[in-house]
Every structure is written in C-alpha cells, then in structure tokens.
Amino acid sequence: MVEAVLIDLFSLPANLQNNSQGLLHNTLEAIEKCSSIHAPCVYVICCQRQGSERKGEQEFLLPALRGFQSLRRRLEVICAQTTAAALYTFKERLDEKDLSIIKVILPTLRKDLMKVYIDHLFTAVYQFEFEDLQVVSDSESLQIPEHQNEGQTLPSQDVALIRSEIQMYLESLPSLKGELTILRSSLIPDDIFLHGFTTRTGGISYIPTLSSCNLFSSSKRRDPQVVVKENLRRLANAAGFNTEAFHRVKVDHANAVCVMGKTEPDNYDGIVTNQKGVTLAAPGADCIPVLFADPVRRACGAAHSGWKGTLLGVSMATVNAMVSEYGCNMTDILVVLGPSVGPCCYKLPHESAEEFHRIDPTCVRLFDSASPYIDIRRATRILLERGGILPENIQDDSITDQNQNITFCTACHPDKFYSHFRDGTNFGTQIGFISIKD
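Residues numbered from 1 in each chain as written. Predicted model: local features only at pLDDT ≥ 70, side-chain atom pairs only at ≥ 80, totals over all residues. Heavy atoms only, no water.

Draft legend 1. Local environment of the packing of aromatic side chains. This structure, assessed with the given rule, holds ten aromatic pairs. Residues Phe122 and Phe128 carry aromatic rings whose centres are separated by 5.0 Å and whose planes lie at 75° to one another, so their mutual orientation is edge-to-face. For the pair Phe241 and Phe246, a centre-to-centre distance of 5.6 Å together with 15° between the ring planes defines the contact as stacked. In this pair, the class of Phe241 matches that of Phe246, namely buried. Aromatic ring contacts, followed pair by pair, group Tyr43, Phe90, Phe122, Tyr126 and Phe128 into a single cluster. Note that Lys115 overlies the ring of Phe130, its terminal NZ or CZ placed 5.3 Å from the centroid. (Phe/Tyr/Trp six-rings, centres within 6.5 Å; stacked < 30°, edge-to-face > 60°. Buried < 20%, exposed > 50% of the residue type's maximum accessible area, 1.4 Å probe, protein only. Lys NZ or Arg CZ within 6 Å of the ring centre and 35° of its normal.)

Below is the structure:
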C-alpha cells in the first residue's frame, strides 16, 4: 500500500507554469477520490525561485488547497532552489516517519530525470511507482500508458549534471553531532604512516542509528552511497588522504587477503600494500578494524575481524601476506586493534563460544551459560602472538595507560561509535584506515 505521495511541480513545462494552482488542485482532487493512491502523507515539491516577486511558492499554492481539509492536515509543500535539495528534504520527511512506499505524480517529461535523482538519493529500501500529472481531475487519467518512456535513458551529460547538483548540495550541508574526530595510535609512527579510526561524529547522515559520519551504504539501509561518499570526502580532508586512492576491504567474514597490484579477489577481509599514498581501510561496527604497519619495510595493511574472521585467523593471514609479499620481518610488524564490541557486551551461542574456548579459556566468560560473553580482541591477540607478533607490538584494550586506549567498546559508547549489536539492522559503520606517506 502506498505510504506517501509526491507531487512534482518543480519544473513544469513552460505552457503549464502559470497553471500550477490548477494542476495541484486537480491532482489533489484525484488523490482524494482514488482509493488506490490513498496515502497518509502527501508532499509537493516546487522551485523556490531566486529574485521572485512571489512571497513564496508555498503561499502561492495555498489557494489550491482550499476544500481539501482532510488532505491539508497531512500535506506539506517543500520549496527549494534545486531538485536535489527538494528531494533530500522529502527523504528526510519519509525517514522521520519510517515510510518507504511512494507514488510519484509528475509531468511525463520529468520521469526519466526523476528516476536518476532517485537512483542516487535513495536505496533499495524505498519503492517508487510513477504516474502522469494530468490537468483534468478524472482519477483514471492518472494511469500511465504502458508504452510511455520504455527504454528511454537520459544523455550522459544530463546524468553528470544531476550528480554534480547532488554533490554540491550535500557539500553545503552542515556537519551533525559535533566535529569530525579521528582516533590515532601512539604505536604507529606518524612520520611514516597516516592512519586513524573514525568515530560517528562530523558527517551528514541524519537517521539516528546512522548519524552522522556513517561510512557504509547497502541496499538494506537508508543511507545512500552519495551521502557515504560525502562523509568520506570530509574524513579525507580532515585526515589528509586522497579518496581517489582509497581501497576498502570487501567484507566476507572470512580470511582472504588482497595484495594491492595483484588480481583483486571477489571478496576479502584483509588488504596490504607497499605503495605510497594508497589508503587501505577496514570497516567495523562491533567487528574489529585492525591496522598493520611495518616501519622497516614500509608496508601496511588493514583487516576486518568479526567473530568468524577471528576464528579463521584473518589477522595472521594479513601479517603473512606482508611477510611473503614485501619481505617483512614478523618482529617489525605493529598491530593496532580499533574500536569494537568488548567482552562486557558481546555474546555468542554456546557452540560458537566453544571455538573461542579452544583458543584460550580466557576468551570466554560464563562459559557454562547458553550465550557466553566472548572476547574477540583477546582471541586476536593470542593468535597474533602465537604467529610471531611481539606482545609489545600489539595495541588493544589491555594497554596499561588508559589515556592511550583507542580500543573502546562500540556497544558501550553510543555517543562515539556505531554498533550493530546495539542498534539493529539499520546500523552505521566506522572504519580504520592507514597509508604510507609520500
């Protein structure tokens, strides 16, 4: 069932611009009569023209709302200077009410254009259907002929202009939840490496569980890729790396490792390089973002280590790739574990807990319970030490000076970090990143 209706009056054809009141009146009349497009919320987007003598498009359209008292209580007119700004505001309204099934009523000539905006600003969480904007009020006239607009695509230059408009608008938005903050380890020498772990502040993501510096987009979440890209741009500006040379692991919760410059696997949870200026990154929202640095051979790596990857030895797999590819000495490699869910909060079913207990009993608390508490950080340290990494070359939550600690529990600090365990399926993601300075 349609949850919201969007009426697009933003860029009417020249011959209809002076009839926007009539178009809106007729469309609202059709919505009121046609039960198939009944929705609790109705939104109208229109252009806020600069230098216009009108007091405002919303006020200009008010006469068209007379007689629609039932609709008027659930109708909002959104005026903006660009379509990108209008649609982003519309998206905010949908997200406030957790709506996702939308009918768009718009001029036929705007349909292909609108689909490009929607593809960029929305994810697969949202469902859109389209109907023609008609001058007459007959609800049957809102049906689209099946042959219209089939197979049509916008010219590439028009798509590029839309992307540019969206990017410019997102760049103009203020940062939310405070300034962008980067946590850095004292173990990794900053004269050789650029590195850090992000927190959740300083981005533009506004949905509560994603706010504000979310750095991952998927078809199951409401944050589109363009927003994540803008968050990453702001992070890159603050940290000093190039987004064009940024490589994030393709998470599979396993132990495959990608070597930069060689054939890229379809999925991998570790990545290594000895190329200067190339930034490697691993995500985490409870899983551990692990960074690796060899200041002698000047090589680095990043890994994503969840409970499955920890058991499969993804951290040592990343270390071994540095040794085999770049001739690193095991005793020179430094390893830093970033913010991740701690043993204070993280539980697994007993069957999985048994595997951590076999690594070392100290990795499990309340082992006899149905869902014991698991310390994936300690398991990672133990496996690294057994593999040849020096204990003093590993930084985690066991650090003596707590002022130097950066391995915070993500579930315990909702103001600083995202947590899948705490926030559920629509969770945000932070990252650990590292590169070799030029």
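Continuing now.
Draft legend 2. Quick peek at the sheet that holds strand β3 (residues 75-80). Strand order in the open sheet formed by five strands is β3-β2-β1-β4-β5, and the pairing between neighbours is parallel. Pairing within the sheet leaves two strands with one partner each, and these edge strands are β3 and β5 (127-132). This sheet shows a mean twist of 20° between the axes of neighbouring strands, independent of strand direction. With six bridges joining them, strand β4 (residues 101-106) and β5 adopt parallel strand pairing. Bridge pairing in β5 links Ile101 to Gln127. Those strands touched by helix α4 (residues 83-97) are β1 (4-8), β2 (41-47), β3 and β4, and its axis lies near 145° from that of β3. On the sheet, helix α5 (residues 111-121) packs against β1, β2, β4 and β5 and is oriented at approximately 165° with respect to β5. (Pairing = 2+ DSSP bridges. Helix = DSSP H or I, 4+ residues; strand = E, 2+ residues; numbered from the N terminus. Axes fitted to C-alpha atoms, helices over the stretch in contact; angles between N-to-C directions. Contact = heavy atoms within 4.5 Å.)

Draft legend 3. Summary view of the pattern of salt bridges. Under the counting rule described, the total for this entry stands at 17 salt bridges. With a closest N to O distance of 2.9 Å, Lys103 and Glu131 form a salt bridge. Residue Lys103 is found in strand β4, and its partner Glu131 is found in strand β5; the two are separated by 28 residues along the sequence. A relative accessible area of 2% places Lys103 in the buried class. Its relative accessible area of 7% is what places Glu131 among the buried residues. Of the charged contacts, one joins Glu171 and Arg233 as a salt bridge, the two residues approaching to 3.6 Å between their closest N and O atoms. One end of the pair, Glu171, is in helix α6 (residues 156-172); the other, Arg233, is in helix α7 (residues 225-239), with 62 residues separating them in the sequence. (Salt bridge = Lys/Arg side-chain N within 4 Å of Asp/Glu carboxyl O.)

Draft legend 4. Structural detail: the sheet that holds strand β18 (residues 430-436). The strand order across the open sheet formed by five strands is β6-β7-β18-β11-β8, and the pairing between neighbours is mixed. Every interior strand has two partners, whereas the edge strands, β6 (182-183) and β8 (246-248), have only one. As paired elements, strand β11 (residues 279-284) and β18 share five bridges and run antiparallel to each other. Directly across from Ala281, in β18, lies its bridge partner Phe433.

Draft legend 5. Expanded view of the pairing of β11. Within β11, six of the six residues are buried, leaving the element largely enclosed by the surrounding structure. What you see with β11 is no split at all: Thr279, Ala281 and Pro283 on one side and Leu280, Ala282 and Gly284 on the other are buried throughout. Summarising the sheet, β8 and β11 pair through three bridges and their orientation is parallel. Considered in β11, the bridge of Arg248 is made with Ala281.

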